[in-house]
Amino acid sequence: VVRRIYPDDELITEKFRIEFQEKRKNIEDIDKGTLSKAKLETGWSAISLHYDVLSPLHILFTPNVIDQYNMVFRFLLSLRRAQMELHQCWASQMQNKRNCLDSSLIPFWTLRSHMSFLIDNFQYYVLVDVLESRFCKLISKMENVKDYEELQQSHEQFLTDVISRCFLELKTVHLSLNEILELCSSFCNLMSRLSSTRSQKEIAQFENLKLNFQRHSALLFRILSSVRSQQVSPHVAQLLLRIDYNKYFITSGCQLGGIK
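Residues numbered from 1 in each chain as written. Predicted model: local features only at pLDDT ≥ 70, side-chain atom pairs only at ≥ 80, totals over all residues. Heavy atoms only, no water.

## Quick look at the environment of Arg74
Point 1. Tracing the backbone through its elements, the reader meets Arg74 in helix 2 (residues 63-99).
Point 2. A sequence separation of 28 residues divides Arg74 from Ala46, and the C-alpha atoms of the two residues are 8.6 Å apart. (Helix = DSSP H or I, 4+ residues; strand = E, 2+ residues; numbered from the N terminus.)

## With respect to the pattern of salt bridges
Two side chains carrying opposite charge are able to pair once their charged atoms lie near each other.
Point 1. A complete count under the given rule lists four salt bridges for this structure.
Point 2. Here Arg242 and Asp129 are joined by a salt bridge, their closest N and O atoms 2.6 Å apart. Residue Arg242 is found in helix 7 (residues 234-243), and its partner Asp129 is found in helix 3 (residues 106-142); the two are separated by 113 residues along the sequence.
Point 3. Among the residues examined, Asp129 registers a relative accessible area of 16% and is labelled buried.
Point 4. With its nearest N and O atoms 3.5 Å apart, the salt bridge here joins Glu207 to Lys210. Taken as a pair, Glu207 and Lys210 lie in helix 6 (residues 200-230) at a separation of three residues, close to a single helical turn. (Salt bridge = Lys/Arg side-chain N within 4 Å of Asp/Glu carboxyl O. Buried < 20%, exposed > 50% of the residue type's maximum accessible area, 1.4 Å probe, protein only.)

## Looking at the environment of Glu156
Point 1. If you trace the backbone, Glu156 turns up in helix 4 (residues 148-165).
Point 2. Taking the C-alpha atoms as reference points, Glu156 and Val65, 91 residues apart in sequence, are found 8.5 Å from one another.

## Observations regarding the nonpolar core
Point 1. By size, the foremost hydrophobic cluster in this structure holds 49 residues, and its most contacted members are Phe122, Phe167, Phe187 and Leu224.
Point 2. Looking at this core, the elements that each hand over two or more residues are helix 2, helix 3, helix 4, helix 5 (171-192), helix 6 and helix 7.
Point 3. Here the element with the most residues in this core is helix 3; it accounts for 11 residues.
Point 4. Once you skip the residues sitting within four places of it in the chain, Leu224 turns out to touch Phe167, Val173, Val236, Leu239 and Leu240. (Core = buried A, V, L, I, M, F, W, Y, C linked by side-chain atoms within 4.5 Å. Contact = heavy atoms within 4.5 Å.)

## Structural notes on the confidence of the model for the chain
Note: predicted coordinates in regions of low pLDDT should not be interpreted at a detailed level.
Point 1. Residues with a pLDDT of 70 or more make up 77% of the chain, whose mean pLDDT is 79.
Point 2. Long-range and interchain partners of residues 1-6, a stretch whose pLDDT sits below 50, account for 18 contacts in this model, where long-range means more than four residues apart. (pLDDT = per-residue confidence, 0-100.)

## Here's the deal with helix 5
Point 1. In this model helix 5 runs 32 Å from its N-terminal to its C-terminal C-alpha over 22 residues, within 8% of the 32 Å that 1.5 Å per residue would give.
Point 2. Among all positions of helix 5, only Val173, Ser176, Leu177, Ile180, Leu181, Leu183, Cys184, Ser185, Phe187, Cys188, Leu190 and Met191 are buried. (Expected span 1.5 Å × (residues − 1).)

## With respect to the packing of helix 3 against helix 7
Point 1. Look at helix 3 against helix 7: their axes get within 9 Å of each other, and the N-to-C directions meet at 145°. Here helix 3 runs over helix 7; the crossing is right-handed. The residues of helix 7 that touch helix 3, namely those facing Phe117, Leu118, Asn121, Phe122, Tyr124, Tyr125 and Asp129, are His235, Gln238, Leu239, Arg242 and Ile243.
Point 2. Looking at side-chain class alone, the contact of helix 3 with helix 7 contains seven nonpolar, three polar and two charged residues. (Axes fitted to C-alpha atoms, helices over the stretch in contact; angles between N-to-C directions. Left-handed = near helix turned anticlockwise from the far one by under 90°. Nonpolar A, V, L, I, M, F, W, Y, C, P; charged D, E, K, R; others polar.)

## Here's the deal with the pairing of strand 2 (residues 16-20)
Point 1. Only one face of strand 2 is buried: it carries Arg17 and Glu19, and the other face, with Phe16, Ile18 and Phe20, is open.
Point 2. Sheet topology places strand 2 next to strand 3 (residues 47-51); five bridges connect them, and they run antiparallel. Pairing of Ile18 across the sheet is with Leu49, part of strand 3. (Pairing = 2+ DSSP bridges.)

## Description of the packing of aromatic side chains
Each aromatic ring pair is characterised by the separation of its centres together with the angle its planes make.
Point 1. Summed over all chains, the structure comprises six aromatic pairs.
Point 2. Relative to Phe122, the ring of Phe75 has its centre 6.1 Å away and its plane inclined at 85°; by these criteria the two rings are edge-to-face. Here Phe122 lies in helix 3 and Phe75 lies in helix 2, a separation of 47 residues in the sequence.
Point 3. Ring geometry for Tyr125 and Phe167: centres 6.2 Å apart, planes at 20°, overall stacked. Of this pair, Tyr125 sits in helix 3 while Phe167 sits in the loop between helix 4 and helix 5, and the two are 42 residues apart along the sequence.
Point 4. Judged by relative accessible area, Tyr125 falls into the buried class, the value being 0%.
Point 5. Using a relative accessible area of 2% as the deciding quantity, one classes Phe167 as buried.
Point 6. Through pairs of rings, three or more aromatic residues link up here, namely Phe75, Phe122, Tyr125 and Phe167. (Phe/Tyr/Trp six-rings, centres within 6.5 Å; stacked < 30°, edge-to-face > 60°.)

Laid out in structure tokens, this is it:
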């Protein structure tokens with residue numbers, strides 16, 4: 001499946017295509033002991049961005065470089081998707097609030113608020129503190145490059161910085177973030193079909209989502225704090241400042257999702 005995208009500058013963006021590449025897995029290749037825990041490929045994880053590279057740019061944008069850009073693209077897409085779902089959930093909350101104020105829903109909306117707080121701040125960190133910052137630095141270097149080797153090194157450093165500061169190669173942080181994004185999507189899915197009477201099954205699902213979100217958000221905070229203490233990482237310090245500027249994270253036991 002291929003779909004062309006046309007933002008403002010069509011001369012550039014007409015060279016981009018969004019592709020969907022289905023990845024089939026043989027069920028026999030999955031260990032039976034881990035079958036229940038195996039995560040199958042989703043449509044979102046199979047989306048990729050294809051760029052029609054023209055000469056001489058093909059020397060700079062190699063297939064490996066395009067793969068790295070796609071890794072960043074899929075991460076940004078999943079982050080934006082979770083944010084949009086949470087915002088839509090908030091819109092539904094505001095609409096229902098006008099009709100009936102149900103105090104029993106407060107824990108649900110508190111969890112949504114904490115999820116949005118974490119996702120919104122993390123996305124702002126990625127867009128401003130990572131992408132905008134690194135891109136400006138790249139442009140500044142490119143204005144003074146003298147040869148191709150220097151240009152290639154500057155571009156490789158830019159891509160390395162982006163991947164590193166998005167924690168895409170720090171497995172513990174990346175896995176924790178993915179779990180949080182999946183929990184946000186699952187929560188929004190639950191809220192979209194939540195019955196007015198709220199069955200025991202729905203309440204149990206909510207409690208499980210809240211517990212897992214608290215656990216993974218606490219784990220994420222502790223890992224980031226550990227990374228900051230072990231090495232000089234201004235970008236990690238900046239992210240921690242954004243998500244814990246008023247020390248709420250620390251005073252709540254490094255957990256989000258509950259009512260303090």
